Amino acid sequence: MAGNNNQSTVNPITQQDLETGTTTRVPKLKGAEDYGTWKNRMRSFFYVTDFTQWNSIQLGPHIPMRTTATGEEFNPDPTTYTDVDKQLLQRDHKAYGALTMALSNDVYNMFEEYGTAHDLWFALNEYYEGNEEMRQYKQDMVQKEYDMFDSIRGESLSSHIER
């Protein structure tokens, strides 16, 4: 068969869906330069598909509890979980699954030690955006650069912009 090429190619629409995501497919994190956009798209994905999964990311995983004579304690026995416990644990696993599927293999391998959606989300955030101290440092550096940027006497606006 002339012209039959067995190499699979992704059409442009599908490629864009992979990058930006849809209401049924998570957006892919391509790299550090893409993190801010990806983060917003992931938040939107969870808002649209299942807001309770976003709660799992923000609030942390559900911990099944049981009442004992000494008070509330962790319930380690899955056979005694309530239906609500099971639903909330499934929500946590779905949120974690969606996050891990949105990561390339390289990125996932860097963060595979994080076993909950909550921990993974905040680890990604700290890695790509830095902690509060790092964000403040970056903001201070930008402000310092802005303050030091000055035009030279007699310099045209276009020369100032080019510099």
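Structure: above.
The rules we used
- Residues numbered from 1 in each chain as written.
- Predicted model: local features only at pLDDT ≥ 70, side-chain atom pairs only at ≥ 80, totals over all residues.
- Heavy atoms only, no water.
- Helix = DSSP H or I, 4+ residues; strand = E, 2+ residues; numbered from the N terminus.
- Buried < 20%, exposed > 50% of the residue type's maximum accessible area, 1.4 Å probe, protein only.
- Contact = heavy atoms within 4.5 Å.
- Areas by Shrake-Rupley, 256 points an atom, 1.4 Å probe, with all protein chains shown as cover.
- Pairing = 2+ DSSP bridges.
- Core = buried A, V, L, I, M, F, W, Y, C linked by side-chain atoms within 4.5 Å.
- Expected span 1.5 Å × (residues − 1).
- Axes fitted to C-alpha atoms, helices over the stretch in contact; angles between N-to-C directions.
- Parallel < 35°, antiparallel > 145°, perpendicular 65-115°, else oblique.
- Left-handed = near helix turned anticlockwise from the far one by under 90°.
- Nonpolar A, V, L, I, M, F, W, Y, C, P; charged D, E, K, R; others polar.
- Salt bridge = Lys/Arg side-chain N within 4 Å of Asp/Glu carboxyl O.

**What to know about the overall build of the protein chain**
What the protein chain contains, in helices and strands, is eight helices and two strands. Listed N to C, the secondary structure of the protein chain is α-α-α-β-β-α-α-α-α-α in terms of helices and strands. Among the 163 residues that make up the protein chain, the fraction classed as buried is 26%. Put simply, of all contacts in the protein chain between residues at least 6 apart along the chain, 46% involve residues at least 24 apart. Only carbon and sulfur atoms are counted for the fraction: they give 52% of the accessible area of the protein chain, which is about 11,800 Å².

**Focus: the pairing of strand 2 (residues 71-74)**
The pairing of strand 1 (residues 65-68) with strand 2 spans four bridges and is antiparallel. From the neighbouring strand, Thr 67 faces strand 2, where its bridge partner is Glu 72. Once strand 1 ends, the chain turns through two residues before running back antiparallel as strand 2.

**So, the nonpolar core**
Grouped together as the largest cluster of nonpolar side chains are 23 residues, with contacts concentrated most on Trp 38, Met 42, Phe 46, Ile 57, Leu 99 and Leu 124. Elements with a minimum of two residues in this core: helix 2 (35-49), helix 3 (51-59), helix 4 (83-101), helix 5 (105-111) and helix 6 (117-129). Residue contributions to this core peak at six residues, all from helix 6. The residues touching Leu 99, leaving out its near neighbours within four places in the chain, are Trp 38, Met 42, Phe 46, Ile 57, Ala 117, Leu 120 and Trp 121.

**Details of the environment of Pro 76**
For Pro 76, the position within the fold is in the loop between strand 2 and helix 4. Note: C-alpha distance between Pro 76 and Met 65 (eleven residues apart in sequence) is 8.4 Å. Once residues within four sequence positions are removed from consideration, Pro 76 is found in contact with Arg 66 and Tyr 81.

**Side note on helix 4**
Taking 1.5 Å of rise per residue, 19 residues should cover 27 Å, and helix 4 covers 27 Å from first to last C-alpha, within 8% of that figure. Among all positions in helix 4, only Asp 85, Leu 89, Arg 91, Asp 92, Ala 95, Tyr 96, Gly 97, Ala 98, Leu 99 and Thr 100 are buried. Along its buried surface, helix 4 packs onto helix 2, helix 3, helix 5 and helix 6.

**Things to note about the packing of helix 3 against helix 6**
The interhelical angle for the contact between helix 3 and helix 6, taken along N-to-C directions, is 65 degrees, at an axis separation of 6 Å. The pairing of helix 3 with helix 6 is recorded here as roughly perpendicular in orientation. Along this stretch, helix 3 crosses helix 6, giving a crossing that reads as right-handed. Mapping the contact onto sequence places Trp 54, Ser 56, Ile 57, Gln 58 and Leu 59 in helix 3 and Ala 117, His 118, Trp 121 and Phe 122 in helix 6. In terms of residue class, the contact of helix 3 with helix 6 is built from six nonpolar, three polar and no charged.

**A few points about helix 2**
Its 15 residues give helix 2 an end-to-end C-alpha distance of 21 Å, which sits within 8% of 21 Å, the value for a rise of 1.5 Å per residue. In this structure, the buried residues of helix 2 make contact with helix 3, helix 4 and helix 6.

**A closer look at the pattern of salt bridges**
Between side chains of opposite charge, a pair can form as their charged atoms come close. Across all of its chains, the model carries three salt bridges by this definition. Asp 92 is paired through a salt bridge with Arg 91; the nearest N and O atoms lie 2.8 Å apart. For the pair shown, Asp 92 and Arg 91 are each scored as buried.

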